[in-house]
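The chain contents come next:
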Amino acid sequence: MGDDGEERSSIVIGLIENRAKEVGMAAFDLRSASLHLSQYIETSSSYQNTKTLLQFYDPMVIIVPPNKLAPDGMVGVSELVNRFYASVKKVVMARGCFDDTKGAVLIKSLAAKEPSALGLDTYYKQYYLCLAATAATIKWIEAEKGVIVTNHSLTITFNGSFDHMNIDATSVQNLEIIEPSHSALWGTTNKKQSLFQMLKTTKTTGGTRLLRANLLQPLKDVVTINTRLDCLDELMSNEQLFFGLSQVLRKFPKEIDRVLCHFCFKPKKITNEVSGADNARKSQLLISSIILLKTALDALPLLSKVLKDAKGFLLSNVYRTICEDEKYPSIRKRIVEVIDEDVLHARVPFVARTQQCFAVKAGIDGLLDIARRTFCDTSEAIHNLANKYREEFKLPNLKLPFNNRQGFYFSIPRKDIQGKVPSKFIQVLKHGNNIHCSTLELASLNVRNKSAAEECFVRTEVCLEALLDAIREDVSALTLLAEVLCLLDMIVNSFAHTISTKTVERYTRPEFTSNGPLAIDTGRHPILESIHNEFVPNNIFISEASNMLIVMGPNMSGKSTYLQQVCLIVILAQIGCYVPARFSTIRVVDRIFTRMGSMDSLESLIVMDELGRATSSSDGFAVAWSCCEHLLPLKAYTIFATHMENLSELATIYPNVKILHFHVDIRNNRLDFKFQLRDGSKHVPHYGLLLAEVAGLPSTVIEKAKGITSKLMAKEIKQMEVNCRQYNDMQMTYRVAQRLMCLKYSDQDEDCIRHALQTLKESYINGTL
């Protein structure tokens, strides 16, 4: 399908909507031959759900219908693409191409799994929009690429994005999940990373893409998460297994996911009008893919040997479904009947071209053998020409590099040339300390050499037709192999590697509860701790009875880092990785907000940093207070960072609010930030006035300001005392409820729980809770 680079997008998206605020999306990944369908209600006029999915898929092409068919107050998906995705190729297709009936038929015939598993039989009419988007997407791909998608070859996920945690595009940026913010400020010697960059020690392109996808859409299924964590437990306790897997995975091709697409797409019958060079290019890529597939199948026995004694479910399941499947040796046997045993995948351009020309065994096709002789003769003539020039022009250091674009050329050190370059040399270019050039003789030989190679590629493809048909019959097995290798790459080379490079027990396994607390003991920021050697760890505890934390402290005390740290730890846990903490227990989160959004989810983690700071002090306080009161009745866990100290009054009225503060010492009128989180609120006296003094305001102004502040504070303290007396009984009841909930999810024995209940009863009676 094309030689996509590692960083280049390979996804084509079809997008359509109706007037009921529903959007249908079909995302076709050309690299891994997979189709991802989504249909959802767009909850905001700014298309936040659509933007989040488009950021996740990072498409190279977006296909939309021509006319605007959008709900009132919304611009329409076509205009959305124009405004926000101008750098992405936009394709407008007639609305008739968005045919949901045809889309359903296509999916049933192309899906590698049973169509019923997709829910199409039951939900066909309900999800007609994404089926319509599928029809347009596949029609464009087949027309643009000149291929037909092979039956039962595609991995298809239906409505998959909502089986995962939803992190909107703004939160992805705020949390520095993929790209760091303000990285230039850190300089080059101590560069700040994103979470993705920190974990990107994967060895395959597919593994890297899977890691990015998991970070943008972490898992919600606790069974799958724990299966990954069990696998990590096994790798961390079995050093031989860990290093054995690390070594074996290096034997598989880096481009294993791309190999498949050449067997999932069958070229349409070519005509005489098709360019010979273009045809040869496609043949070359196909031959390369077969060599890569052979390399992968050659490595499977090594994987089998390493995994034979694995105990955990994930690795033993890989052994059963992959290593013991007879289809893979059968495919390899068919390949070596046609492909030479000595042919290996090569990265050096001319070596790769030679391997591809000689991939098929000799004697199978007479025309291929003739083309090979011509290729060898012209290759030898080119090297003889280089030797001739070395002697004739006294250039012993003349080299003969090769690249796919221009073929062979000469590279001569500039110090070897006295005066002008000999007139025989043409196309002279200065390149660093060398001169790159050619001659008419070399150009002529290059043309003949390239023509012979192209003939080899075309004849080789003809020889491989029967083999290709046989491989396509088992393409679903190859799809499974690629998925497994990408998953192993992520777990072994990213997760396990990251954990193993830390000191003992710096990263630990998170525990999951269905409705329990979010508790992290000695948590650390996964990115910043690698930059700051003395990073100060902090705890967090949020439960149903105390579901809102207000984190207080002056600017630069560590509030924003703390908020980011909690979110990143939750994300790491839900992708199935250990986390930087002594202990952690987590309630599965379905959405993370780092600013205000639609609060329709009860299982969200909502993080707000200094809400209302861009307005006047009274308006900012009012907005912050109002938002807190709106969130308090929800079950969503909320962390609210602020330097507005009067927000602490919320805790005197609402018992499910807990106040924390970052400790700051004041010495000699200077602030000493400790970055330690402590219970309760703590007034940092005259914080703003200290900064004003440093800024050089007159002492008389500062003294008068201190007097005004003291009067205001006295009034606030008096009001808080009134609240404490008024709401004391309700506060006590909530504290009892919170401790009872903690005991409910405790794994202590019965005697310990009885003792804890007795202590709780005594504390309540004595009023010491």
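Please read these numbers as outputs of a predicted model, since none were measured by experiment.

Visitor: Can you walk me through the environment of Ile-435 in this structure?
Guide: Its location among the elements puts Ile-435 in strand β14 (residues 434–438). Along the chain, Ile-435 and Ile-417 lie 18 residues apart, while their C-alpha atoms are 9.3 Å from each other. The residues touching Ile-435, leaving out its near neighbours within four places in the chain, are Phe-410, Ser-411, Ile-412, Arg-414, Ile-417, Val-421, Val-428 and Leu-429.

Visitor: Help me understand the sheet that holds strand β3 (residues 34–41) in this model?
Guide: Each strand in a sheet pairs with another by means of backbone hydrogen bonds, the pair being arranged parallel or else antiparallel. Strands sit in the order β5-β4-β1-β2-β3-β7 across an open sheet of 6 strands; the sheet is mixed. Two strands lie at the open edges of the sheet, namely β5 (89–92) and β7 (155–158), each paired on one side alone. Between one strand axis and the next, the sheet turns through 15 degrees on average, direction left out of account. Relative to β5, strand β4 (residues 61–64) is paired through 4 bridges, and the arrangement is parallel.

Visitor: So what exactly am I meant to see when it comes to helix α26 (residues 728–744) here?
Guide: Each α-helix winds once per 3.6 residues, and so residues spaced three or four apart point in a common direction. Helix length check: α26 (17 residues) gives 25 Å between terminal C-alpha atoms against 24 Å at 1.5 Å per residue, within 8%. Along α26, the positions that sit buried rather than exposed are Gln-731, Met-732, Val-736, Gln-738 and Leu-743. Take α26 and look down its axis: the buried residues cluster within an arc of 160 degrees, on one side only. In α26, the exposed positions that point more than 90 degrees away from the buried face belong to Asp-729 and Lys-744. On its buried face, α26 is in contact with β17 (538–542), α23 (650–653) and α27 (750–766).

Visitor: What's the story with the nonpolar core in this structure? I'm lost.
Guide: Taken as a class, soluble globular proteins show a tendency for nonpolar side chains to be buried jointly. Counting residues in each nonpolar core, the largest one holds 194 residues, and the members touching the most others are Leu-235 and Leu-605. With residues near it in sequence (within four places) discarded, Leu-235 still touches Leu-241, Phe-242, Leu-245, Leu-315, Ile-491, Val-492 and Ala-496. If you look at the next biggest cluster of nonpolar residues, it comprises 21 residues, including Ile-550, Met-644, Leu-650 and Ile-659.

Visitor: Help me understand the packing of α26 against α27, please; the structure alone is not making it clear to me.
Guide: Put simply, α26 and α27 touch, their axes get as near as 11 Å, and they point 175 degrees apart. Taken as axis vectors, α26 and α27 run roughly antiparallel relative to one another. Contact with α26, carried on its side by Met-732, Val-736, Arg-739, Leu-740 and Leu-743, involves Ile-753, Ala-756, Leu-757, Leu-760 and Tyr-764 of α27 and no other residues of that element. Along the lines of polarity and charge, the residues of the contact of α26 with α27 split into 9 nonpolar, no polar and 1 charged.

Visitor: Which parts of the structure should I look at to understand the sheet that holds strand β15 (residues 511–513)?
Guide: The sheet built from 4 strands is open, its strands ordered β15-β19-β16-β17 with mixed pairing. Single-partner strands in this sheet number two, and they are β15 and β17. Mean inter-strand twist for the sheet, computed between neighbouring axes without regard to direction, equals 20 degrees. When strand β16 (residues 518–523) meets β17, the two strands line up antiparallel, connected through 4 bridges. For Leu-518, the partnering residue across the bridge sits in β17 and is Ile-542.

Visitor: Help me out: how do you make sense of the environment of Arg-582 in this one?
Guide: By the element assignment, Arg-582 lies in the loop between α21 (559–574) and β19 (583–587). Not counting residues up to four positions away in its chain, the partners in contact with Arg-582 are Thr-508, Asp-521 and Thr-522.

Visitor: Is there a simple way to think about the packing of aromatic side chains in this case?
Guide: Pairs of aromatic rings are described using the distance from one ring centre to the other and the angle between the two planes. Scanning the entire structure with this criterion turns up 14 aromatic pairs. For the pair Tyr-389 and Phe-393, a centre-to-centre distance of 5.9 Å together with 55 degrees between the ring planes defines the contact as tilted. Ring pairs connect the aromatic residues Phe-350, Phe-358, Phe-375, Phe-402 and Phe-408, which therefore count as one cluster. A cation sits over an aromatic face here: Lys-51 above Phe-84, 3.9 Å from the ring centre.

Visitor: Help me understand the packing of helix α9 (residues 222–237) against helix α20 (residues 475–500), please; the structure alone is not making it clear to me.
Guide: Working note: a packed helix pair is described by the angle between its axes plus the distance between those axes. Interhelical geometry of α9 versus α20 gives an angle of 60 degrees and a closest axis separation of 10 Å. Comparing their axes, α20 and α9 come out oblique. The interaxial crossing formed by α9 with α20 has right-handed handedness. Along its contact with α9, which presents Arg-228, Cys-231, Leu-232, Leu-235 and Met-236, the element α20 presents Leu-487, Met-490, Ile-491, Val-492, Phe-495, Ala-496 and Ile-499. Looking at the contact of α9 with α20 residue by residue, the class counts come to 11 nonpolar, no polar and 1 charged.

Visitor: Help me out: how do you make sense of the side chain of Glu-255 in this one?
Guide: Positionally, Glu-255 belongs in the loop between α10 (239–249) and α11 (256–259). According to the relative accessible area criterion, Glu-255 is buried, its value standing at 12%. Once residues within four sequence positions are removed from consideration, Glu-255 is found in contact with Arg-31, Leu-292, His-345 and Arg-347.

Visitor: For this particular structure, what's the right way to read the confidence of the model for the chain?
Guide: Fine structural detail should not be taken from predicted coordinates in areas where pLDDT scores are low. Looking at the chain, the pLDDT average stands at 84 and 87% of residues meet or exceed 70. Between residues 271–275, whose pLDDT stays under 50, and residues either more than four places distant or in other chains, the model counts 1 contact.

Visitor: Is there a simple way to think about the side chain of Lys-51 in this case?
Guide: Here Lys-51 is to be found in helix α1 (residues 48–57). Although Lys-51 is buried, it forms no salt bridge, and the closest oppositely charged side chain is Glu-42 at an N-O distance of 9.0 Å. Among all residues touching Lys-51, those that are not within four sequence positions of it are Ser-46, Leu-80, Phe-84 and Tyr-85.

Visitor: Hey, could you run me through the pairing of strand β18 (residues 548–552) in this one?
Guide: For β18, a buried count of 5 out of 5 residues is recorded, marking the element as mostly surrounded by other parts of the structure. The alternating pattern of β18 places Met-548, Ile-550 and Met-552 on one face and Leu-549 and Val-551 on the opposite face, and all of these are buried. In the sheet, β18 pairs with strand β22 (residues 637–642) via 5 bridges, with the strands oriented parallel. Note on β22: the bridge partner recorded for Ile-550 is Phe-640.

Visitor: Is there a simple way to explain the pattern of salt bridges in this structure?
Guide: Should their charged atoms come close, side chains of opposite charge can pair. Per the stated rule, a full pass over the model turns up 18 salt bridges. Taking the shortest distance from any N to any O, the salt bridge between Arg-372 and Asp-369 comes out at 3.5 Å. Within this pair, Arg-372 and its partner Asp-369 are both found in helix α17 (residues 366–392), separated by 3 residues, close to a single helical turn. What makes Arg-372 buried here is its relative accessible area of 5%. With its nearest N and O atoms 3.0 Å apart, the salt bridge here joins Glu-750 to Arg-754. Highlighted residues: Glu-750 and Arg-754, both in helix α27, separated by 4 residues, approximately one helical turn. For the pair formed by Glu-750 and Arg-754, the shared burial category is exposed.

Visitor: Quick question: what am I supposed to make of unusual backbone geometry here?
Guide: Working note: non-glycine residues mostly have negative phi, and peptide bonds are mostly trans. The phi torsion at Ala-33 lies on the positive side, around 50 degrees, for a residue other than glycine. Among the structural elements, Ala-33 can be located in the loop between β2 (22–29) and β3. Residue classification places Ala-33 among the buried residues on the basis of a relative accessible area of 1%.

Reading the values: the criteria
Residues numbered from 1 in each chain as written. Predicted model: local features only at pLDDT ≥ 70, side-chain atom pairs only at ≥ 80, totals over all residues. Heavy atoms only, no water. Helix = DSSP H or I, 4+ residues; strand = E, 2+ residues; numbered from the N terminus. Contact = heavy atoms within 4.5 Å. Pairing = 2+ DSSP bridges. Axes fitted to C-alpha atoms, helices over the stretch in contact; angles between N-to-C directions. Expected span 1.5 Å × (residues − 1). Buried < 20%, exposed > 50% of the residue type's maximum accessible area, 1.4 Å probe, protein only. Arc of directions from axis to C-beta. Core = buried A, V, L, I, M, F, W, Y, C linked by side-chain atoms within 4.5 Å. Parallel < 35°, antiparallel > 145°, perpendicular 65-115°, else oblique. Nonpolar A, V, L, I, M, F, W, Y, C, P; charged D, E, K, R; others polar. Phe/Tyr/Trp six-rings, centres within 6.5 Å; stacked < 30°, edge-to-face > 60°. Lys NZ or Arg CZ within 6 Å of the ring centre and 35° of its normal. Left-handed = near helix turned anticlockwise from the far one by under 90°. pLDDT = per-residue confidence, 0-100. Lys, Arg positive; Asp, Glu negative; His and termini not counted. Salt bridge = Lys/Arg side-chain N within 4 Å of Asp/Glu carboxyl O.

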